[in-house]
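The residues making up each chain are set out below.
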Amino acid sequence: MEQFYGINPEWIREYARLIVRTGVNVQKGQEVVLNCPVEHYEFARLVIEEAYAAGAGEVILRWSDTVENRLYYQNVLEERMKEVPEWKAESVNSYARRGACWISIGGTDPEGLKGVDPKKIHIRSQAMDAALEEHYKLMMASINPWTVAAVPQKQWAKKVFPDLSEKEAMKALWEKILKTVRIGEGDAVERWAEHDRFLKEKCRFMNENAFTKLHYQNSLGTDFTVGLVKGHIWEGGSEKAGSGVIFEANMPTEEIFTMPDNRVAEGKLVSALPLSYRGNLIRNFSFTFRNGEVIDYSAEEGYETLKSIVEGDEGSRRLGEVAIVPYSSPISMMKLLFYNTLFDENASCHFALGECYPTTVEGGADMTEEELKAAGGNSSMNHVDFMVGTADLVITGIKEDGTEVVIVENGDWAV
Ligand code: ZN
Ligand code: ZN
């Protein structure tokens, strides 16, 4: 397999199997929707083979292509972008309703959409988000099992390893990715189970302490306090779907995360890593919050893109996720910018502006949007992660009675 650049083909197959078995945990007769960029057709075939081997009833393949996407934005009128025909929405929502699981393979040119007016991307994604709301709601509430994984793509590999030839860069990125998903060092499924136990242990500690606020501080200028909603739940690693099936939504994953109170955020948060958003890079940015809302923001590079995120909708100015990732996590130790949130968010403590995860508060999955909002959850069409963790980050947990506990020190778990 030329496409795999001399990487042991057994490892590539093991990765496909891991996505199917540990990722979405395909059940007998289940429908599997596979979203995949066209350049990864060889890997897609392996995933399909493994899905049928696991008993999939049918694999529904949905190709995407960044080049086609770019041409779309360059040529289609804005008015038309707002229209999503019913059949198109139904072709996704119907599978969600029927209990399908979703595999999304990432790995595209990080600059594939560079130069495209962010406003156009916003218009289209808003229209798509609204049309596919049923699917996204079921996904965010973990009713349907879903997983996101990625495989190397040429422009992406060259972006991560600019000094290597294209072939060497592809090989290097394959090696890094396989390492992040724990392939090549014994039974990957077993290693994931072990890692999952570690994340669950940290969740247990945080849940038992039930902090009402977290205070963040580092030398970059972050001095920030965020509230956590009453009854918040720290989650990390595997999740349980509506059917009771255990799945892993992100491969890799190093984070534990919960629901911030969208009304309680004060102070300044400074980015620790650049943010690659829909093909555009945002560097050295910061947000100032008051009463939970972003009241000011700046960026040395990519200000317009940052603006399109913050001004997306009402909920885009408030937080929907707070996540802890140790600075010594394997991805962080690679000291590599992947230009891809799936990897970069697992290198650092982060927050997300926008939509919250309903499952991160007691009873949240059954709450209406209004109830969730009243509980302090955030509602938005967007969910954008940005990284704030540094080697000198200190996070102090504050309990209802004022007791303080240092939970992260020098960027790592202190407990
Ligand atoms: Zn996260
Ligand atoms: Zn997130």
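This text gives an overview of the structure that appears in the document. (Residues numbered from 1 in each chain as written. Chains lettered and ligands numbered in written order. Predicted model: local features only at pLDDT ≥ 70, side-chain atom pairs only at ≥ 80, totals over all residues. Heavy atoms only, no water.)

**Overview of the pattern of salt bridges**
Enumeration over the complete set of coordinates arrives at 21 salt bridges. For Arg97, the salt bridge identified is with Glu134, shortest N-O distance 2.8 Å. Taken together, the residues span a long stretch of sequence, with Arg97 in helix α5 (residues 86-97) and Glu134 in helix α7 (residues 133-140) at a distance of 37 residues. Using a relative accessible area of 45% as the deciding quantity, one classes Arg97 as partly exposed. A relative accessible area of 31% places Glu134 in the partly exposed class. (Salt bridge = Lys/Arg side-chain N within 4 Å of Asp/Glu carboxyl O. Helix = DSSP H or I, 4+ residues; strand = E, 2+ residues; numbered from the N terminus. Buried < 20%, exposed > 50% of the residue type's maximum accessible area, 1.4 Å probe, protein only.)

**Topic: the coordination of the zinc ion (ligand 2)**
On the protein side, the zinc ion (ligand 2) has Glu321 (OE), His383 (NE2), Asp385 (OD) and Asp385 (OD) as donor atoms, found 2.0 to 2.7 Å from it. Geometry at the zinc ion (ligand 2) is irregular, judged from the four donor atoms that bind it and their angles of 53 to 141° at the metal. Donor residues for the zinc ion (ligand 2) sit on one chain with the sequence pattern E-x61-H-x1-D. Here the zinc ion (ligand 2) and the zinc ion (ligand 1) are spaced 3.4 Å apart, linked through Glu321, which binds each one. Look at His383 and you get partly exposed, because its relative accessible area is 23%. Accessibility expressed as a relative area gives 9% for Asp385, which makes it buried. (Donors = N, O, S within 2.8 Å, 3.2 Å for Na, K, Ca; no water. Tetrahedral: all angles 85-135°; square planar, octahedral: opposite > 155°, others 65-115°.)

**Remarks on the packing of α5 against α7**
Contact pair α5 / α7: the axes reach a minimum separation of 8 Å and the direction vectors enclose 35°. Viewed along their axes, α5 and α7 form a crossing whose handedness is left-handed. Of α7, the residues touching α5 (which contributes Val92, Asn93, Ala96 and Arg97) are Glu134, His135 and Leu138. (Axes fitted to C-alpha atoms, helices over the stretch in contact; angles between N-to-C directions. Left-handed = near helix turned anticlockwise from the far one by under 90°. Contact = heavy atoms within 4.5 Å.)

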